[in-house]
Amino acid sequence: MSATIIDGKAFAAKVRAQVADEVTKLKSEHNITPGLAVILVGEDPASEVYVRNKGKQTVEVGMNSYEHKLDASTSEADLLALIDKLNNDPSVHGILCQLPLPDHLNEDLVINSIAPEKDVDGFHISNVGLLGTGQKSMVPCTPLGCLMMLRDHHGSLSGLNAVVVGRSNIVGKPMANLLLRDSCTVTIAHSRTKNIEEVCKAADIVVAAVGRPEMITGDWIGKGATVIDVGINRIPAPERGEGKMRLVGDVHFDSAKEVAGAITPVPGGVGPMTIACLLANTLTACARANNLPEPEGLTA
Ligand code: NDP
């Protein structure tokens, strides 16, 4: 039997529509417009595309978008001065500094200089600590998107066995913390994990955040499990013509979908949820800054 396909594109559209409704209410009832500032240092082509998409979607849900494009040679002092200005600007509720930064800039220092309550990426050390101790925090967008899809599919996650493959600070670790908070029994697997296939096969939920194209095949997946594929890998696609590429996940979709109960595709799964959750986080940050109730279903 073939798995249910979890449609991240449609889910993300639903999240954006809910955010847009809440923004309309904030404007009409409180005269507040949420604002998201995005800082891009340098001219990395992939980052430029992300930043353009973020800006477009921010405006589409009715928020203010402030883009700050800085030269690749910008000094750390100048970047920190800009962040300080945005931290103190009441019209800015969310600040995101697009990573990676050029080598001469200290990423940890830059991220930790963003006011934690405006850190809509959830990467500030205070937010990491708050999430790890089960307190209210800003939650990293990609794991938040995965959690929303899992909650939507399963209802309660309590008692389920979840395996997160990958232990990065931006996906694997926060994902594991979120699943633990929802009372899953969580295993984090990584490059040194022994018998990783068996570890995955015993899970009710597998979240793959590895960065290795199609590594997790159907024989790693337990019958009926839910598979969330975070991976975005570009591989050659000669069948589409010379020099053409295509996107695949960390999961081998065709074999996994024959065993899994539900699975996210790549593209069209986790990817679209990431920006939708960035908008949700900006809305949450705005509600908190104005002592208003947080919109339901948009936070962890
Ligand atoms: P990292 O490279 O930071 O981390 C990868 C993790 O995978 C590491 O913990 C590593 O283990 C583990 N790993 C690598 N090889 C193996 C292996 N053979 N077996 C088991 N574990 C392995 O990646 P990210 O977390 O940043 O990203 C992961 C994937 O998610 C990438 O494809 C990325 O493009 C994608 N991504 C997608 C997003 C989206 O919006 N959909 C957002 C962010 C990322 P170890 O620690 O032992 O080295």
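Residues numbered from 1 in each chain as written. Predicted model: local features only at pLDDT ≥ 70, side-chain atom pairs only at ≥ 80, totals over all residues. Heavy atoms only, no water.

Draft legend 1. Here's a closer look at the sheet that holds strand β7 (residues 205–208). Taken in spatial order, the six strands line up as β1-β11-β8-β7-β5-β6 in an open sheet, and their pairing is parallel. Each of the sheet's edge strands pairs with one partner strand only, and the pair in question is β1 (4–5) and β6 (185–189). As paired elements, β7 and strand β8 (residues 226–229) share four bridges and run parallel to each other. Its bridge partner lying in β8, Val 207 is registered against Ile 228. Where helix α6 (residues 141–154) meets the sheet, it contacts β7, β8 and β11 (262–263), and its direction lies at approximately 160 degrees from that of β8. Across the sheet, helix α7 (residues 172–181) is in contact with β5 (161–165), β6 and β7; its angle to β5 comes to roughly 170 degrees. (Pairing = 2+ DSSP bridges. Helix = DSSP H or I, 4+ residues; strand = E, 2+ residues; numbered from the N terminus. Contact = heavy atoms within 4.5 Å. Axes fitted to C-alpha atoms, helices over the stretch in contact; angles between N-to-C directions.)

Draft legend 2. Just the pattern of salt bridges, in detail. Tallying each qualifying case throughout the model produces eight salt bridges. Notably, a salt bridge pairs Lys 56 with Glu 60, separated by 3.4 Å at the nearest N-O pair. With a gap of four residues between them, Lys 56 and Glu 60 both fall in helix α2 (residues 45–60), about one helical turn apart. Both residues of the pair, Lys 56 and Glu 60, belong to the exposed class. Salt-bridge contacts for Lys 257 lead to Glu 258; the nearest nitrogen and oxygen are separated by 3.3 Å. Judged by relative accessible area, Glu 258 falls into the partly exposed class, the value being 43%. Here the salt bridges share partners, and the residues they tie into one network are Lys 136, Arg 288 and Glu 294. (Salt bridge = Lys/Arg side-chain N within 4 Å of Asp/Glu carboxyl O. Buried < 20%, exposed > 50% of the residue type's maximum accessible area, 1.4 Å probe, protein only.)

Draft legend 3. Quick look at the nonpolar core. Core analysis: the biggest nonpolar cluster contains 53 residues, and Val 19, Leu 179 and Val 207 have the highest contact counts within it. Every element with two or more residues in this core is listed here: α1 (8–30), β2 (35–41), α6, β5, α7, β7 and α10 (270–289). If one sorts the elements of this core by residue count, α10 sits on top with 10 residues. For this core, the domains that each give at least three residues are domain 1 (30–116) and domain 2 (141–272). Dropping the residues within four chain positions of it, Leu 179 is found in contact with Leu 147, Leu 150, Leu 157, Ala 162, Val 164, Cys 184, Val 186 and Val 207. (Core = buried A, V, L, I, M, F, W, Y, C linked by side-chain atoms within 4.5 Å. Domains from an automatic or database assignment.)

Draft legend 4. Region of interest: unusual backbone geometry. A cis amide bond links Leu 99 to the next residue, Pro 100, at an omega of 0 degrees. Along the chain, Pro 100 turns up in the loop between β4 (94–97) and α4 (107–111). Residues Val 266 and Pro 267 are joined by a peptide bond in cis, for which omega reads 0 degrees. Inspection of the secondary structure assignment puts Pro 267 in the loop between β11 and α10. Phi at Glu 214 is positive, roughly 55 degrees, even though this residue is not glycine. Structurally, the position occupied by Glu 214 is in the loop between β7 and β8. Even without being glycine, Asn 291 reaches a positive phi, approximately 55 degrees. Inspection of the secondary structure puts Asn 291 in the segment after α10.

Draft legend 5. Broad picture of α6. An ideal rise of 1.5 Å per residue puts 20 Å on 14 residues; α6 measures up with 20 Å between its terminal C-alpha atoms. Along α6, 10 of the 14 residues are buried, which leaves the element largely enclosed by surrounding structure. Listed as buried for α6 are Cys 141, Thr 142, Pro 143, Leu 144, Gly 145, Cys 146, Leu 147, Met 148, Met 149 and Leu 150. Each element contacted by the buried residues of α6 is listed here: α1, α7, β7, β8 and α10. Gly 155 occupies a position one or two residues after α6 and carries a positive phi of about 75 degrees. (Expected span 1.5 Å × (residues − 1).)

Draft legend 6. Geometry of α1. For α1, built from 23 residues, the straight-helix expectation of 33 Å at 1.5 Å per residue is met to within 8% by its first-to-last C-alpha distance of 32 Å. Taken together, the buried residues of α1 touch α6 and α10. Its side-chain oxygen at 3.1 Å from the backbone nitrogen of Lys 9, Asp 7 defines the N-terminal cap of α1. In the stretch just after α1, Asn 31 is the one whose phi turns positive, near 55 degrees. (Polar contact = N/O pair within 3.5 Å; in protein donor to acceptor, adjacent residues only side chain to side chain.)

Draft legend 7. Summary view of the site of the ligand. Around the ligand sit 22 residues, and of these Arg 167, Ser 168, Ser 191, Arg 212 and Thr 274 come closest. Take Ile 232: an N or O atom from its main chain is 3.1 Å from an oxygen atom of the ligand. A distance of 2.8 Å is found between an oxygen atom of the ligand and a side-chain nitrogen or oxygen belonging to Thr 274. In isolation the ligand has 930 Å² of accessible area, and contact with the protein removes 70% of it. No other element matches α10, which puts three residues into the shell around the ligand. Within the shell around the ligand, the residues separate by chemical class into nine nonpolar, 10 polar and three charged. (Near = heavy atom within 4 Å. Areas by Shrake-Rupley, 256 points an atom, 1.4 Å probe, with all protein chains shown as cover. Nonpolar A, V, L, I, M, F, W, Y, C, P; charged D, E, K, R; others polar.)

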